Amino acid sequence: MSRFLNVLRSWLVMVSVIAAGNTLQSFRDHSFLSEKLYTASPGLVNGLQARTFGVWTLLSSVIRCLCAIDIRNRTLYHITLFTFFLALAHFLSEVFIYHTAALTIGVMAPLMVASFSILGMLIGLQYLEVEALSQNKKKN
């Protein structure tokens, strides 16, 4: 396995662990979301919304961790890549369409993580293609 894919796997585990922590915060105290993310409309954040956000974040965390474990699983890889596109679209829409979030560090951090992850995973696709081609050549 290439060094890049190993770094990508480590990145996915780190992002997954951070997401699991955010899940716990969402379930423990919903003020976390109104103080860090949805600062433009904190009154819209309630316990139900926080728990829904927590479940969504937990699902993303599990998918990303599973991808780190089995990074050659192409279906799982694409689903993981989609989770980052979904997160990017969510936070961008909250800032620019719904105006429930402001461009604070609490929003910029997930935007940067999603953007860097998308870039890394798109590059990683190239490495996976090269590995697949070299394995096919060895078989023939």
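Residues numbered from 1 in each chain as written. Predicted model: local features only at pLDDT ≥ 70, side-chain atom pairs only at ≥ 80, totals over all residues. Heavy atoms only, no water.

Undergrad: How would you summarise the overall build of the protein if you had to cite specific residues and measurements?
TA: Looking only at helices and strands, the protein features five helices and zero strands. Counting from the amino terminus, the protein carries its helices and strands in the arrangement α-α-α-α-α. The dimensions of the protein, computed from C-alpha atoms along their principal axes, are 65 × 25 × 20 Å. For the protein, the computed accessible surface area is about 8,200 Å², with 68% contributed by carbon and sulfur atoms. Averaging the coordinates of the 11 positive side-chain charges in the protein and doing the same for the 6 negative ones gives two points 10 Å apart. (Helix = DSSP H or I, 4+ residues; strand = E, 2+ residues; numbered from the N terminus. Areas by Shrake-Rupley, 256 points an atom, 1.4 Å probe, with all protein chains shown as cover. Lys, Arg positive; Asp, Glu negative; His and termini not counted. Charge placed at Lys NZ, Arg CZ, Asp CG, Glu CD.)

Undergrad: Give a description of a nonpolar patch on the surface that names residues and reports values.
TA: A contiguous nonpolar surface patch, about 960 Å² in accessible area, is contributed by Leu92, Phe96, Ile97, Tyr98, Leu103, Ile105, Met108, Met112 and Phe116. Listed by contribution, the elements that provide at least two residues to the nonpolar patch are α4 (74-96) and α5 (105-139). Per-element tally for the nonpolar patch: the top contributor is α5, with four residues. Along the chain, Phe96 turns up in helix α4. (Patch = residues over 30% accessible without salt bridge, like charges linked within 9 Å, V, L, I, M, F, W, Y side chains within 5 Å. Salt bridge = Lys/Arg side-chain N within 4 Å of Asp/Glu carboxyl O.)

Undergrad: Break down the packing of helix α3 (residues 47-69) against α4 for me, citing the residues and quoting the values.
TA: Between two packed helices, the angle of one axis relative to the other and the distance separating the axes together describe the packing. At their nearest, the axes of α3 and α4 sit 9 Å apart, and the two run at 145° to each other. At the point where α3 passes α4, the crossing takes the left-handed sense. Two secondary-structure elements touch here, α3 through Phe53, Trp56, Ser60, Ile63, Arg64, Leu66 and Cys67 and α4 through Leu76, Tyr77, Ile79, Thr80, Thr83, Phe84, Leu86, Ala87, His90 and Phe91. Tallied by class, residues from the contact of α3 with α4 come to twelve nonpolar, four polar and one charged. (Axes fitted to C-alpha atoms, helices over the stretch in contact; angles between N-to-C directions. Left-handed = near helix turned anticlockwise from the far one by under 90°. Contact = heavy atoms within 4.5 Å. Nonpolar A, V, L, I, M, F, W, Y, C, P; charged D, E, K, R; others polar.)

Undergrad: So, the pattern of salt bridges: which residues are in play, and what are the values?
TA: Tallied over the full model, the rule gives two salt bridges. For Arg72, the salt bridge is made with Glu131, and the minimal N-O distance between the two is 3.0 Å. In this pair, Arg72 is assigned in the loop between α3 and α4 and Glu131 in helix α5, connecting sequence segments 59 residues apart. Classification of Arg72 by relative accessible area gives partly exposed; the value is 40%. Owing to a relative accessible area of 14%, Glu131 belongs among the buried residues under this scheme. A salt bridge links Glu129 to Arg74; the shortest N-O distance between them is 2.4 Å. (Buried < 20%, exposed > 50% of the residue type's maximum accessible area, 1.4 Å probe, protein only.)

Undergrad: For the nonpolar core, give the residues involved together with the corresponding values.
TA: If you look at the biggest cluster of nonpolar residues, it comprises 31 residues, and the most contacted ones within it are Leu12, Leu33, Tyr38, Tyr77 and Met121. Those elements that place two or more of their residues in this core are α1 (3-28), α2 (31-36), α3, α4 and α5. A total of eight residues in this core trace back to one element, the largest contributor, which is α4. Not counting the four nearest positions on each side in its chain, Leu12 is found in contact with Arg64, Cys67, Ala68, Ile71, Thr80, Phe84 and Met121. (Core = buried A, V, L, I, M, F, W, Y, C linked by side-chain atoms within 4.5 Å.)

Undergrad: An account of the state of the cysteines is requested, with residue identities and associated values reported.
TA: Within the structure shown, the criterion is met by zero disulfides. The thiol sulfur of Cys65 is not disulfide-bonded, and the nearest other cysteine sulfur, from Cys67, lies at 9.9 Å. For Cys65, a relative accessible area of 28% translates into the label partly exposed. (Disulfide = S-S within 2.5 Å.)

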